[in-house]
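Geometric and topological summary
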Amino acid sequence: RNVEAHVTSAEISLLEHRASDALQTWQLATKLEPSARTAFGLARAHFALGQYDSAKADAEQALKYNPSHVGAKLLLARVAMTKLVDSEISERLIADALVLEAQQSVKDFVLGKTLTGDLHLLRSRISLAEASYQEALAKQLKVMDAAAFALCMENGIPIIVFDFFKEGNLEKVV
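Description of the structure in this document. (Residues numbered from 1 in each chain as written. Predicted model: local features only at pLDDT ≥ 70, side-chain atom pairs only at ≥ 80, totals over all residues. Heavy atoms only, no water.)

**Focus: the pattern of salt bridges**
- In this structure the tally under the stated criterion is six salt bridges.
- Across the pair Glu4 and Arg37 runs a salt bridge whose closest N-O atoms are separated by 2.9 Å. On the criterion of sequence distance, the pair formed by Glu4 in helix α1 (residues 3–15) and Arg37 in helix α3 (residues 36–48) is long-range, its members being 33 residues apart.
- The class for Glu4 is partly exposed, based on a relative accessible area of 39%.
- Bridged by salt links that share partners, the residues Glu4, Glu33 and Arg37 form one connected network. (Salt bridge = Lys/Arg side-chain N within 4 Å of Asp/Glu carboxyl O. Helix = DSSP H or I, 4+ residues; strand = E, 2+ residues; numbered from the N terminus. Buried < 20%, exposed > 50% of the residue type's maximum accessible area, 1.4 Å probe, protein only.)

Dropping the structure here:
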């Protein structure tokens, strides 16, 4: 069995909002390769299904494999925010993730700054929220304009970045 095939299939399922399929595929991948990558995949599938306790346990497992896993820290912050747990926990996890610049992707940075903005809004710290969103906007401008990013952010629309000119990519995204 090829773990890469399972990982790719699970990622496609998550992109297509087929979280149940993604969960099953991540479980198969985890049996083949217990790792931070597969634990984080499981966590994302559980989160997409609204299974927050399982998502938390899987993200914590990912951190046992790799204590610097930015995505797992951000997912734990999202779980804490979703479950309305103490917002200081979320703030600490986000700050920890954003400090790890070498390990974070643009997507991780944007998510971290967006979550920070959301936390500030929850606390009615409007100017701090705007500053966090602006940092996310500044980084994200490499792939889209500010108006499009703001519309997606305001309406909870996921952003998928891909090479439009590479043959077959549009079909993969759709």
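Having seen the model, we can carry on.
**Observations concerning the environment of Ser54**
- Within the secondary structure, Ser54 is located in helix α4 (residues 52–65).
- Judged by its relative accessible area of 31%, Ser54 is partly exposed.
- Each C-alpha atom of the pair Ser54 and Ala43 lies 6.9 Å from the other, and the pair is eleven residues apart in sequence.

**Some remarks on the nonpolar core**
- Of all hydrophobic cores here, the largest spans twelve residues; its members are Ala39, Phe40, Ala43, Phe47, Ala55, Ala59, Ala62, Leu63, Ala72, Leu75, Leu76 and Val79.
- Counting ten residues, the second largest nonpolar core, distinct from the first, contains Leu14, Trp26, Leu42 and Ala45. (Core = buried A, V, L, I, M, F, W, Y, C linked by side-chain atoms within 4.5 Å.)

**Things to note about unusual backbone geometry**
- The backbone of His17 shows a phi angle near 60 degrees, a positive value even though the residue is not glycine.
- Position of His17 relative to the elements: it lies in the loop between α1 and α2 (19–32).

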